Amino acid sequence: MNLFNKVTLHTPESVDIELCLAGIGNRALALLIDYFLIAVGWTIFQFMWAIFSYLLIDSLGNALDITNTLRLWLQAILIIIVFVFYQGYFVIFETVWQGKTPGKRFAKIQVIRDDGRPIGLQQAALRALVKPLDDTLFLGAILIFFNQREKRLGDFAAGTLVVQTQKPVQSSSEIKLIDESAKDLANWLNQNTDISKILPDDFAIICEYLQRRTHMSMKARGSLSYRLGKQVQGIINLENIPESKSYDIFLEAVYLAYKNQSPT
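The model shown is predicted, which means the values in this text are computed figures rather than measured ones.

Chemist: Sorry, what's going on with the overall build of the protein chain here?
Modeler: Secondary structure assignment for the protein chain yields ten helices and four strands. Traced from its N-terminal end to its C-terminal end, the protein chain shows the element sequence β-β-α-α-α-β-α-α-α-β-α-α-α-α. Residue burial in the protein chain is summarised as follows: out of 264 residues, 43% are buried. For the protein chain, contacts bridging at least 24 residues in sequence account for 69% of all contacts bridging at least 6.

The following block contains the structure:
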């Protein structure tokens, strides 16, 4: 396994993007942070659960048989809560934060689908359900270390990858703008839409299109710019682009707006 292993993905938009895999070091750091947060949360919950259990059992007085049965029920419920708490942490965060947990955010990595798109509830749930197997005898770490795409069992089951989330670096070939009005539209987008909703992977696809469009036929260029533009509109919740603007110009404006967005 290379220190900085890269993978090329063929997206549904027929664009190839190159991403850097997270690496076992970043994934281990993210997992340590997540486990620390889980431990803190679980310690607080156990303390509250112990108080609740004590008060409930104490309120039953000398009813010995009932008390023993209640203890067994409380232990059974606690085991279920342990499972739900552990699994739910990863499922909820990776679904809501589009493949990230607090640990992954700190380590600047994220889970994506094999085609480069964000994961959903199904992928997050599959990864979480298989996670106990990956943790057994460090099976997941062994698979990551020796697998070319650095996948653990959960990634194979869910069809996912874990990649670094740094913004893509523009290649040596500069992106040439075809219309100066894209700058005005970019300013408007920054003021009236949430450009930060565009993921680094989405931005990489836009860059790839803008760099390669001059080598495409007019028909292919029009079709691809339309599909990309429509998807970007959905991401930033923009109903319509200005009538006088083509999707080529719109994508240029999105490219400029993304680069010039205010840091959050």
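More follows now that the structure is in view.
Chemist: Even after reading the chapter, I still don't get helix H1 (residues 23–58), so can you show me in this structure?
Modeler: Since the α-helix advances by 3.6 residues per turn, residues separated by three or four positions end up pointing in the same direction. Over its 36 residues, H1 runs 52 Å from end to end, which matches the ideal 52 Å to within 8%, given 1.5 Å per residue. Along H1, the residues classified as buried are Gly-23, Arg-27, Ala-30, Asp-34, Ile-38, Trp-42, Trp-49, Ser-53 and Ile-57.

Chemist: What should I look at first to understand the pattern of salt bridges in this one?
Modeler: Under the defined criterion, the tally for this structure stands at ten salt bridges. Residue Arg-27 pairs with Asp-155 through a salt bridge whose shortest N-O separation is 2.9 Å. Of this pair, Arg-27 sits in helix H1 while Asp-155 sits in helix H6 (residues 153–158), and the two are 128 residues apart along the sequence. Here Asp-155 falls in the buried class, since its relative accessible area comes to 0%. Here Asp-248 and Arg-221 are joined by a salt bridge, their closest N and O atoms 2.6 Å apart. A residue pair is termed long-range when its members are at least 10 positions apart, and Asp-248 in helix H10 (residues 247–260) and Arg-221 in helix H9 (residues 218–236) qualify at 27 residues. Exposure remark for Asp-248: the relative accessible area of 7% places this residue in the buried category. In this structure Arg-221 comes out as buried when scored by relative accessible area, which is 15%.

Chemist: Where do I start with unusual backbone geometry in this structure?
Modeler: Of all residues except glycine, most have a negative phi; of all peptide bonds, most are trans. Positive phi outside glycine occurs at Leu-137, with the angle close to 55 degrees. Here Leu-137 is to be found in the loop between helix H4 (121–135) and helix H5 (139–146). Judged by relative accessible area, Leu-137 falls into the exposed class, the value being 74%. Its identity is not glycine, yet Phe-138 carries a phi of approximately 55 degrees, on the positive side. Along the chain, Phe-138 falls in the loop between H4 and H5. A residue is classified by how much of its surface remains accessible, and Phe-138, at 65% relative accessible area, is exposed.

Chemist: Just to check I follow, could you spell out the nonpolar core for this structure?
Modeler: As a rule of thumb, soluble globular proteins bury nonpolar side chains together. Ranked by internal contacts, the top residues of the largest apolar core, which has 37 residues, are Leu-189, Ile-198, Val-232, Ile-236, Phe-250 and Leu-251. Where this core is concerned, the elements lending two or more residues are strand E1 (6–10), strand E2 (16–20), strand E4 (160–164), helix H7 (181–192), helix H8 (200–212), H9 and H10. Excluding its chain neighbours within four sequence positions, the residues that come into contact with Phe-250 are Leu-185, Leu-189, Gly-229, Val-232, Gln-233, Ile-236, Leu-238 and Ile-241. One finds Ala-22, Ala-30, Ala-107 and Val-111 within the second-largest nonpolar core, a separate group that totals eight residues.

Chemist: So what exactly am I meant to see when it comes to the pairing of E4 here?
Modeler: The side chains of a regular strand alternate between the sheet's two faces. Counting buried positions along E4 yields five of five residues, so the element is predominantly enclosed. Of the two faces of E4, the one lined by Thr-160, Val-162 and Gln-164 and the one lined by Leu-161 and Val-163 are each fully buried. Pairing analysis gives five bridges linking strand E3 (residues 109–113) to E4, with the strands arranged antiparallel. Each residue of the ladder has a partner; that of Ile-109, found in E4, is Gln-164.

Chemist: So what exactly am I meant to see when it comes to the environment of Arg-213 here?
Modeler: Positionally, Arg-213 belongs in the loop between H8 and H9. Here the alpha-carbon distance between Arg-213 and Leu-224, two residues eleven residues apart in the chain, equals 9.1 Å. Side chain to side chain, Arg-213 and Glu-252 meet in a polar contact 2.8 Å long.

Rules used throughout
- Residues numbered from 1 in each chain as written.
- Predicted model: local features only at pLDDT ≥ 70, side-chain atom pairs only at ≥ 80, totals over all residues.
- Heavy atoms only, no water.
- Helix = DSSP H or I, 4+ residues; strand = E, 2+ residues; numbered from the N terminus.
- Buried < 20%, exposed > 50% of the residue type's maximum accessible area, 1.4 Å probe, protein only.
- Contact = heavy atoms within 4.5 Å.
- Expected span 1.5 Å × (residues − 1).
- Salt bridge = Lys/Arg side-chain N within 4 Å of Asp/Glu carboxyl O.
- Core = buried A, V, L, I, M, F, W, Y, C linked by side-chain atoms within 4.5 Å.
- Pairing = 2+ DSSP bridges.
- Polar contact = N/O pair within 3.5 Å; in protein donor to acceptor, adjacent residues only side chain to side chain.

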